[in-house]
Structure formats: structure tokens, C-alpha cells
Amino acid sequence: MAKAFDVIVIGGGPAGYVAAIRCAQLGMNTAVVDEFVYKDGEPSLGGTCLNVGCIPSKALLDSSEQYHKVSHQLEAHGIKAKEVELDVKAMIARKDRVVKDLTGGIAQLFKANKVEWLKGHGRLLEGKQVEVSPTSGKGKAQVYQAEYVIIATGSKPIDIDAAPLDGDKIVNSDGALEFTEVPKRLGIIGAGVIGLEMGSVWSRLGSKVTLLEAQDTFLPPVDPRVAKTAQKEFERQGLDIRFGARVTNAKAAKNVTVHYEDKDGKQSMQVDKLIVCVGRRPNTSNLFSEDSNLLLDERGLVNVDEHCRTNLPGVFAIGDVVRGPMLAHKGSEEGIMVAELIAGKPGHMNYDTVPWVIYTHPEIAWVGRTEAQLKSAGVPFTSGTFNFAATGRARAMEEKAGMVKIIAHAETDRILGVHMVGPQASELIAEAVVAMEFHASSEDLGRIIHAHPTLSEAMHEAALSVSKRAIHKAN
Ligand code: FAD
Ligand code: AMP
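> Help me understand the nonpolar core in this model?
Note on soluble globular proteins: their nonpolar side chains tend to be buried together. In terms of nonpolar packing, the biggest core is built from 37 residues, with Ile-188, Phe-218, Phe-234, Ile-241, Ile-275 and Ile-364 touching the most fellow members. When residues no more than four places from it in sequence are discounted, the contact partners of Ile-275 are Val-171, Asn-172, Ser-173, Ala-176, Phe-179, Leu-186, Gly-187, Ile-188, Ile-189 and Met-198.

> I would appreciate a short explanation of the site of ligand 1 in the present structure.
Close to ligand 1 lie 37 residues; Asp-34, Thr-48, Lys-58, Gly-122 and Ala-328 are nearest. Between Cys-49 and ligand 1, the recorded distance is 3.3 Å, taken from a backbone N or O atom to an oxygen atom. Contact distances for ligand 1 include 2.9 Å between an oxygen atom and a side-chain N or O atom of Asp-320. Computed on the free molecule, ligand 1 has an accessible area of 990 Å², of which 95% lies beneath the protein chains in the complex. When residues of the shell around ligand 1 are traced back to their parent elements, those giving at least two are α1 (14-25), β2 (30-34), α2 (47-52), α3 (54-73), β4 (121-125) and α8 (328-342). Looking at the shell around ligand 1 element by element, the count peaks at four residues for α2.

> When you look at the domain arrangement of the chain in this model, what are you seeing that I'm missing?
Buried accessible area, meaning the area lost when the parts come together, often serves as the stated size of an interface. Looking at the chain, the domain boundaries give domain 1 (3-156 + 281-349), domain 2 (170-278) and domain 3 (353-466). Taken over C-alpha atoms, the centre of domain 1 sits 31 Å from the centre of domain 3. Listed per partner, the contact involves ten residues of domain 1 and eight residues of domain 3. On the surface where domain 1 and domain 3 come into contact, there are zero salt bridges.

> Whenever I open this one, the environment of Leu-205 confuses me. Can you help?
Assignment of secondary structure puts Leu-205 in the loop between α6 (193-204) and β10 (208-212). Residue contacts for Leu-205: discarding those within four places in its chain leaves Ser-64, Tyr-67, Leu-86, Met-91 and Val-182.

> How do you make sense of the packing of α3 against α6 when you look at a structure like this?
The relative placement of two packed helices comes down to the angle between their axes together with the axis-to-axis distance. The geometry of α3 relative to α6 is characterised by a closest axis approach of 8 Å and an angle of 35° between their N-to-C directions. Of the two possible hands of crossing, α3 and α6 adopt the one that is left-handed. Contact with α3, carried on its side by Ser-57, Lys-58, Leu-60, Leu-61, Ser-64, Glu-65, Tyr-67 and His-68, involves Glu-197, Met-198, Ser-200, Val-201 and Arg-204 of α6 and no other residues of that element. The residue makeup of the contact of α3 with α6, split by class, is five nonpolar, four polar and four charged.

> Would you take a moment to explain α3 for this structure?
At 3.6 residues per turn, the α-helix brings residues three or four places apart onto the same side. Among the residues making up α3, those that are buried are Pro-56, Ser-57, Lys-58, Ala-59, Leu-60, Leu-61, Ser-63, Ser-64 and Tyr-67. Here the buried face of α3 lies against α2, α4 (88-113) and α6.

> Explain the pattern of salt bridges here, please?
Two side chains with opposite charge may pair up if their charged atoms get near one another. Under the defined criterion, the tally for this structure stands at 22 salt bridges. Across the salt bridge formed by Lys-39 and Asp-96, the nearest N and O atoms sit 2.8 Å from each other. One end of the pair, Lys-39, is in the loop between β2 and α2; the other, Asp-96, is in helix α4, with 57 residues separating them in the sequence. According to the relative accessible area criterion, Lys-39 is partly exposed, its value standing at 49%. Of the residues examined, Asp-96 reaches a relative accessible area of 16% and is grouped as buried. Linking Lys-39 and Glu-178 is a salt bridge whose minimum nitrogen-to-oxygen distance equals 2.6 Å. Taken together, the residues span a long stretch of sequence, with Lys-39 in the loop between β2 and α2 and Glu-178 in the loop between α5 (173-176) and β9 (185-189) at a distance of 139 residues.

> Is there a simple way to think about the site of ligand 2 in this case?
What surrounds ligand 2 is a group of 15 residues, the closest being Gly-190, Val-193, Glu-213, Ala-214 and Gln-215. One nitrogen or oxygen atom from the main chain of Val-247 is found 3.5 Å from a nitrogen atom belonging to ligand 2. Protein burial of ligand 2: of its 510 Å² of free accessible surface, 75% is covered by the chains. When the residues that make up the shell around ligand 2 are grouped by side-chain class, the tally is nine nonpolar, four polar and two charged.

> When you look at the side chain of Asn-51 in this model, what are you seeing that I'm missing?
With respect to the secondary-structure elements, Asn-51 resides in helix α2. Among the polar contacts listed, one links the side chain of Asn-51 to the backbone oxygen of Gly-47, at a separation of 2.9 Å. If sequence neighbours within four positions are ignored, Asn-51 has contacts with Phe-36, Tyr-38, Ser-44, Leu-45, Gly-46, Pro-56, Val-99 and Thr-103.

> Would you explain the packing of aromatic side chains in this entry?
The geometry of an aromatic ring pair is captured by the separation of the ring centres together with the interplanar angle, meaning the angle of the planes. Under the definition given, this model contains five aromatic pairs. An angle of 80° between the planes, with centres 6.1 Å apart, marks the rings of Phe-218 and Phe-234 as edge-to-face. One end of the pair, Phe-218, is in the loop between β10 and α7 (224-236); the other, Phe-234, is in helix α7, with 16 residues separating them in the sequence. Ring centres 5.2 Å apart and planes at 10° place the aromatic pair Trp-356 and Trp-366 in the stacked group. In this pair, Trp-356 sits in strand β18 (residues 356-358) while Trp-366 sits in strand β19 (residues 363-368), placing the two residues ten residues apart along the sequence. The partly exposed category is assigned to Trp-356, whose relative accessible area is 28%. Accessibility expressed as a relative area gives 6% for Trp-366, which makes it buried.

> What exactly am I supposed to notice about α7 here?
Here α7 is 13 residues long and its end C-alpha atoms lie 18 Å apart, about the 18 Å a rise of 1.5 Å per residue gives. Looking only at α7, the buried set comprises Val-226, Ala-227, Ala-230, Gln-231, Glu-233 and Phe-234. Taken end-on, α7 shows its buried residues confined to a sector of 165°, consistent with a single buried face. Away from its buried face by more than 90 degrees, α7 exposes Pro-224, Lys-228, Lys-232 and Arg-236. Where α7 is buried, its residues meet α6, β11 (240-242), β19, β21 (403-409) and β22 (415-422).

What counts and what doesn't
Residues numbered from 1 in each chain as written. Chains lettered and ligands numbered in written order. Predicted model: local features only at pLDDT ≥ 70, side-chain atom pairs only at ≥ 80, totals over all residues. Heavy atoms only, no water. Core = buried A, V, L, I, M, F, W, Y, C linked by side-chain atoms within 4.5 Å. Buried < 20%, exposed > 50% of the residue type's maximum accessible area, 1.4 Å probe, protein only. Contact = heavy atoms within 4.5 Å. Near = heavy atom within 4 Å. Polar contact = N/O pair within 3.5 Å; in protein donor to acceptor, adjacent residues only side chain to side chain. Areas by Shrake-Rupley, 256 points an atom, 1.4 Å probe, with all protein chains shown as cover. Helix = DSSP H or I, 4+ residues; strand = E, 2+ residues; numbered from the N terminus. Domains from an automatic or database assignment. Salt bridge = Lys/Arg side-chain N within 4 Å of Asp/Glu carboxyl O. Axes fitted to C-alpha atoms, helices over the stretch in contact; angles between N-to-C directions. Left-handed = near helix turned anticlockwise from the far one by under 90°. Nonpolar A, V, L, I, M, F, W, Y, C, P; charged D, E, K, R; others polar. Phe/Tyr/Trp six-rings, centres within 6.5 Å; stacked < 30°, edge-to-face > 60°. Expected span 1.5 Å × (residues − 1). Arc of directions from axis to C-beta.

See below:
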């Protein structure tokens, strides 16, 4: 008889491990199948996010920001730092320690919540059975029976034929977190979220960074004024972003030669390293047997409804492997919703208030609708903006670049979207999410007391500016 669980989660990333812990909290006998093996050869929970995504990238973004501050920004504060030394290996080792601490923490949480960790590759079989094969390929596969299955297998980087990875000079985002020295010239294919974050890390440490972006617009999903402000700042920092540039071929020899085409025809450039950051695709390979009859959608994602139910009764799917933004917190929240639905509770997920953050400097963050989306939906709106330069705190911090925009319904004043670029936007956006969850109006935000001097005053003033009564600006 196959060992049975109430719930088997396939995938131990931020969607899967959060779902499993919530299931266990709700009294279900839960197991997580995960196949991830960290670069030291050890199985590791936390998925892309903890091992090769959100956490290591933020660790390096923070380290590189400290280095850049000491080397270039402290003089404005009257501090002269001479002979600043960079130890890239130590920086990478610190990043690895942060990853290890956090992934080890998930294993501890599993123990505390009695979630069983089944190490290996999971495959859904007919009748909610899950086959687990050892990652090494050696040894026998085991089959387990579940009452409910949650698929949370995440995503992996998209490879392109034009730039095949060689694991050394041409790498994807995983490899970009492992450089042991600063490449003199760094090329990046794709000026999206991950490309910009990786470009920021290595540019701050001294690389000459060129990003080749196939589209003509910078960050199409972002509010155009926010995107324009950010682009100006990034270019001022030295990022060379080339638009309408489609890479046709890249080859590594002593250096990497990259051929691309833009509006002026065929171009080429030489770089020391090339990072391919052209997006991610769902992990569905060998995920289910044919007779399980699991349905994928036209983009290869597991097909789900608004409650993350697949076409198979008792089988759910969450996180990057299903539709919606590929963001860790979106997957985690779906995990909680599904766990609560399984327990017979009213699980719910508000896709309208998923915040987005790009951890460049300045940071970009937004939640809700853009003006373009509202226009095409025929929703009447009005907006207010406020520049960080007009707040005392941003000036005191020498962080003057950026602004906040609040978009509200023209008749009801309900906040429909908040968009910002500026210092600590990743933290400031939380206020906007809370306001939108509580259906706040711009007047509500304008009447709430914000501490002085803080960066949050830019939110306050942007809210006041919707009704043309910001104090520290000519409305
Ligand atoms: P994953 O984290 O991909 O986890 C899936 C897990 O399932 C993995 O461990 C995988 O090995 C395992 N698995 C897959 N198939 C099987 C199988 N058949 N059997 C067993 N195990 C399997 N998002 C943010 O919100 N904020 C950020 O700042 C951010 N930064 C990022 C930076 C980088 C460089 C990258 C690459 C991504 C970043 N992301 C960020 C995206 C974020 O990492 C993903 O959205 C998130 O990890 C998705 O979570 P998930 O649980 O759905 O999948
Ligand atoms: P994201 O979706 O945020 O991960 O960003 C990926 C980016 O890569 C998008 O802006 C794409 O337009 C871009 N991209 C995809 N393929 C290519 C290519 N062959 N050359 C240049 N840019 C590309």
C-alpha cells in the first residue's frame, strides 16, 4: 500500500512551502516533494526565490549598493573614503550564507510543523498518486497517495538559440549570481526586471553594462512617467540600454561576440560576459503522466480557475507554474488560499492588489492599474503626483530622484493605482496596498497623519495632489 498524505505539494518554493505550512497549521498531514539541489550538492528548500532568485539577487544588490555608496556617494555627505577595496569572492560568500540560513530555516519550519520533505522529482499520476524519483537518478521511485495535490513547480529561465549558454561566459540569471570577478564589459539580453537588477549589481561594482532590449519601449507594464524617470536615472548611472535590439547570435571564445539587429541594421559588440535574461517559463517537464489528464493552457502553464483549481478534482496549482505575475508573494498568497479552501474555509486572493517591485536604484514599485489600462477599460480617472525632491527626508538622505503618482476614480475618488520610482519604494508601496485593500479614497490617504520627516510624506502629498491641495508644491 502506498503511503498516504492528506496533501502532497510538488515544489518547495515560496508558493509550495507556504501552502504546505498553512495546510499543516490547519491540521492536514502534509508532504512536499522538491528536487532542487544547491550548488554545494545539498538538497535545498525555498525554490528559485531563496536559492537563485529574490534572496541572492537582493543580497548582491545590497552589497553592491554599499560599495557604490562608499566609493561614490559619501563625498556629498562630507565623508572621503580612500582606497576602497572590493572582494567579490567575500561578497558571493556572504550571499551564499544568507541563502543557506534562509533555506535551512524552511527545513526547520517543516520539522516544527511536521511537514514531510520528500527529496526528488515528483510526477502526478492518475488518481492523485504522486511518484517521487531520486534526484540522482539512482534508486527506486516511490509512489504516494494523496487526498489533495498542489502543484507548485515554479519556473526556469528561458534559453534562446541565438545565445546558447556555456556556463562560463554566456550565462543566465543563475550564473550571474556567481561571477567571481567583475567583468570589464558585461552584456545583458533583455532589459526587463531581472536584467535591470543584474545590470545594476555589476555596474555598481564597475562593469561597463550594455543591455540589448528587443522592444522599443522601456518597461512596458510600468507607468510611462515612472519608466521615463527611471530610464534617465539608469542611463545617468552608466547603463547603456539599446532598444529595438534583437540578438541574432552570440558566441563565446576569448570574449563573447554578440550580433544583433536594430533599426540601423546589423550590429555587433564584444563583451567579457553575457547574461541571458529574456524571461522565464513554467516547469512542467515530466510533471504528470499522460493518463493523469492534467490540462495545460496555450502558453504551457497549468490551466487553473480563479481559485487555482486545475481540471482535475482535488488537484490545485499555484505560483509561477500558473497564469499571473511570476512573483514570490503572489505564489505564497495563492498557497494560503488553496490550503484554506482545502480545509473548507473561504480562501480568497485579490489579484488587483499584487504589488510589483524592481530593486534597482532608485527602486520602482507599483500596485493596481495604469492610466493606459483605465483608459482602455473606459474608467474615468484623475491623478496626483509628488516628487521626492520636495520632501525633507529625501533631501536629507541625498536621494532626490523620483516621484509618486496616485490614480483615483474621477467620480468616487477610490484609489485605483499607485506608481512610484524613488528611495525605498519597495517599502513605501505597502501603504498603497493596504489603502487599496481597504478601498480607500485619495482623500482618506490625504487625511491620514504621516510622520515628518519621512519618505511616506511623498505618498501623503501625492494623495493631496489628486484634489490639487498638496502643500509643498504648486498645484
Ligand atoms: P519556484 O520558486 O521556482 O520553486 C519551485 C520548486 O519546485 C523548485 O525548487 C524546483 O526545483 C521544484 N520542482 C520543479 N519541478 C519539480 C518536480 N517535478 N518535482 C519536484 N520538485 C520540482 N520575485 C519576487 O517576488 N521578488 C523578487 O525580488 C524576485 N527576484 C527575482 C530575482 C531573480 C534573479 C529571479 C530568477 C527571480 C526573481 N523573482 C522575484 C521571481 C521569484 O523567484 C518567483 O516568482 C518565485 O520563486 C516563484 O515561486 P514558486 O514557488 O512558484 O516556484
Ligand atoms: P522580463 O519579462 O521582465 O523577464 O524581461 C525579459 C525581456 O527580454 C523583455 O523585455 C523582452 O522584450 C526581452 N527579450 C526577449 N527576447 C529578446 C532578444 N532575443 N533580444 C533582446 N531582448 C529580448
